[in-house]
Amino acid sequence: MPLSDTTITVIGTGYVGLTTAAILANVGFKVYALDISEARLAAIKSGRSFFFEEGLDPLIEKAVKYGSLIPTNSYEESIPESKFIFSCVGTPDNPDGSSNLDFVYQAAMTSKTYLNDASIYIQKSTVPVGTGRKIETLLSDESQNIAYLSNPEFLREGTALKDLLSSDRVVIGGDNQDAKRILKELYQLVASKRNTIAELGGIPIDPVDTKYFETTLESAELIKVTSNAFLALKISFANSIAKLADRTDADIVDIMDAVGADRRIGRSFLDAGRGYGGGCFPKDVSGLIASASDYGVDLPIMTAATDVNESMPGYIANKIQHELGTLKGKKIAVLGLAFKAGTSDARKSPGVKLANIISHAAATVTVHDPQASEEAATDLRKEILLASSIDEAVKNCDAVCVATNWKDYAGLDFLQIKSIMSGNIWIDCMNMFSPIELQKAGLKYIGVGRH
Ligand code: UDX
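**Notes on the overall build of the protein**
Okay, step 1: On a plain count of helices and strands, the protein comes out with 19 helices and 14 strands.
Okay, step 2: Whereas a compact globule of 451 residues would reach a radius of gyration of roughly 22 Å, the protein reaches 23 Å, a difference of no more than 12%.
Okay, step 3: Over its C-alpha atoms, taken along the principal directions, the protein stretches across nearly 70 × 50 × 40 Å.
Okay, step 4: For the protein, the residues scored as buried account for 55% of the 451 residues in total.
Okay, step 5: Residue pairs in contact within the protein that sit at least 24 positions apart in sequence constitute 74% of those at least 6 positions apart.
Okay, step 6: On the protein, roughly 19600 Å² of surface is accessible, and the fraction owed to carbon and sulfur atoms is 53%.

This is the structure we're talking about:
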């Protein structure tokens, strides 16, 4: 049977699962999108995603209409006929920072009853090193030996389709060489259809020379968290130097442009600002610290990265207070609640944290986001006002903070904005604006490590 005629189940229809399922369904596979959330399943059935991700809805719509993407809540319906089972369930953090693996184990345990001999069970969720070995043992018994692979996902929200269709690398970890070969073939098949799928989603993709890494289960698990931890470290490093630049005449953007020009270092992820947020970095870093500690290993470098990151919203609030004399009674807008541009995701959002800190200091806070207001609302203090337009948010404000680098904010007419503000303080929490342009409009520019 040709590979494309096989059936796939993707367990979990979050950012990773749904994007993966939508692409595989457009490659030609029959794909079950398995989830316990009726709301998510209903959205898929109607041809769309429950979250905003550029280019994803046309893929879902086409595959659902064609019958190749089947939303279901039934393991019994989907698993028995599936050759590949991708586990993409959530791994939230426990209050102590360790990873909560309840969904990972539940998915594996429930699947076990229905798996067939030829099934390959693939873990895409980010799990602490050593988890895969336990699940592998749990899935197999005297009657059958299920192939278990770790195939971590590196996609970023906002560019998920592009990342999946033009990956720098595909990592496949496990002991079963046949299963590893077949999964690699699946990825090569996806790569052969990448242009057609990108066109359907209306997203641009660059040519790419994807590297395949075949490793042990443990290496694959550690590759994922190590990548994210290192990127988080770069951001916290940039933010530490930005604090020093703030005390001098140095400019963090100039510094990192020159430092990053050294190819051994690289420019990416050295953008100082309000720190990292989202569903991955904070959780993956704390998960790595906790799992290393289980093995008796201390990672003080990652604890420091977390501390620096957590300090950033408060550090920015202090800058505003310094400019205004006090926060009490001042009117301040925070533009940007998504943890980054291009997504409606407001999990662990620095913009939300900043708004809450300023509001807690008795300022009147208005917030705006083009996509994430609804999601952010539950995490915002009840005193904070959600504005439906940028003008409404900034009107009569003493200071405006931009906390997400949305295009909508980059292209603002600063003269017009200044004319409706009462003050002139502009806090560039993403270092995304030109200080000169803002000064020309009569605004006082304050960046992070930038004047
Ligand atoms: C990240 C990883 O990049 C991805 O490979 C992994 O699969 C999941 O975690 P994501 O969480 O979607 O992806 O966002 P990313 O683009 O990496 O940004 C994370 C956070 O860091 C955002 O809040 C962003 O604003 C911030 N950031 C990023 C900085 O503050 N400075 C930078 O230089 C880069």
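**Section: unusual backbone geometry**
Okay, step 1: Backbone geometry at Lys348 places phi at a positive 45°, although glycine is not the residue there.
Okay, step 2: Mapped onto the fold, Lys348 is located in the loop between strand S9 (331–335) and helix H14 (350–360).
Okay, step 3: Residue classification places Lys348 among the partly exposed residues on the basis of a relative accessible area of 37%.
Okay, step 4: The phi angle at Asn396 is positive, at roughly 65°, despite the residue not being glycine.
Okay, step 5: In this structure, Asn396 sits in the loop between helix H16 (390–394) and strand S12 (399–402).
Okay, step 6: Exposure remark for Asn396: the relative accessible area of 46% places this residue in the partly exposed category.

**Thoughts on the sheet that holds strand S10 (residues 364–368)**
Working definition: the strands of a sheet are paired by backbone hydrogen bonds and lie parallel or antiparallel to each other.
Okay, step 1: Read from one edge of the open sheet, six strands run S11-S10-S9-S12-S13-S14, paired in parallel fashion. The strands lining the two open edges of the sheet, one partner per strand, are strand S11 (385–386) and strand S14 (444–446).
Okay, step 2: Looking at chain direction, S12 and strand S13 (residues 425–428) are connected through four bridges and run parallel. Residue Val400 lies in a different strand from S13, and its bridge partner there is Trp426.
Okay, step 3: On top of the sheet, helix H13 (residues 300–324) reaches S9, S12, S13 and S14; it is set at about 165° to S13, its chief contact.

**Observations regarding the packing of aromatic side chains**
Ring pairs (aromatic) are described by centroid distance and by the angle formed between their planes.
Okay, step 1: Scanning the model with the defined rule gives nine aromatic pairs in all.
Okay, step 2: Ring plane angle 40° and centroid distance 4.2 Å describe the contact between Tyr15 and Phe51, whose orientation is recorded as tilted. Of the two residues, Tyr15 is situated in helix H1 (residues 15–27) and Phe51 in the loop between helix H2 (38–45) and helix H3 (56–66); the sequence distance between them amounts to 36 residues. Note on accessibility: Tyr15 and Phe51 belong to one class, buried.

**Overview of the side chain of Lys319**
Okay, step 1: Within the secondary structure, Lys319 is located in helix H13.
Okay, step 2: For Lys319, a relative accessible area of 14% puts it in the buried group.
Okay, step 3: A distance of 2.8 Å separates a polar side-chain atom of Lys319 from the backbone oxygen of Gly447.
Okay, step 4: Apart from the residues lying within four places of it in its own chain, the contact partners of Lys319 are Asp246, Ile446, Gly447, Val448 and Gly449.

**Some details on the pairing of strand S7 (residues 169–173)**
Okay, step 1: Burial of S7 is extensive: four of the five residues sit out of reach of the surface.
Okay, step 2: The pairing of S7 with strand S8 (residues 211–215) spans five bridges and is parallel. Across the sheet, the residue bridging to Val170 is Tyr212, located in S8.

**Quick notes on the site of the ligand**
Okay, step 1: Taken together, 19 residues are adjacent to the ligand, and Phe154, Leu155, Glu157, Phe339 and Lys340 come closest.
Okay, step 2: Within the backbone of Leu270, an N or O atom sits 3.4 Å from an oxygen atom of the ligand.
Okay, step 3: In the model, an oxygen atom of the ligand is placed 3.1 Å from a nitrogen or oxygen of the Arg274 side chain.
Okay, step 4: Contact with the protein chains covers 91% of the free accessible surface of the ligand, which is 670 Å².
Okay, step 5: The leading source of residues in the shell around the ligand is helix H10 (residues 217–246), at three residues.

**Regarding the pairing of S13**
Okay, step 1: Burial along S13 is two-sided: the residues Ile425 and Ile427 and Trp426 and Asp428 are all buried.
Okay, step 2: As defined by bridge partners, S13 adjoins S14 across three bridges and the pair is classed as parallel. Its bridge partner being in S14, Ile425 is matched across the sheet by Lys444.
Okay, step 3: Each parallel crossover has a hand, and for S13 linked through helix H19 (residues 435–440) to S14 it is right-handed.

The rules behind these values
Residues numbered from 1 in each chain as written. Predicted model: local features only at pLDDT ≥ 70, side-chain atom pairs only at ≥ 80, totals over all residues. Heavy atoms only, no water. Helix = DSSP H or I, 4+ residues; strand = E, 2+ residues; numbered from the N terminus. Rg over C-alpha atoms; globule rule 2.2 N^0.38 Å. Buried < 20%, exposed > 50% of the residue type's maximum accessible area, 1.4 Å probe, protein only. Contact = heavy atoms within 4.5 Å. Areas by Shrake-Rupley, 256 points an atom, 1.4 Å probe, with all protein chains shown as cover. Pairing = 2+ DSSP bridges. Axes fitted to C-alpha atoms, helices over the stretch in contact; angles between N-to-C directions. Phe/Tyr/Trp six-rings, centres within 6.5 Å; stacked < 30°, edge-to-face > 60°. Polar contact = N/O pair within 3.5 Å; in protein donor to acceptor, adjacent residues only side chain to side chain. Near = heavy atom within 4 Å. Right-handed = clockwise from strand over helix to strand, strands pointing away.

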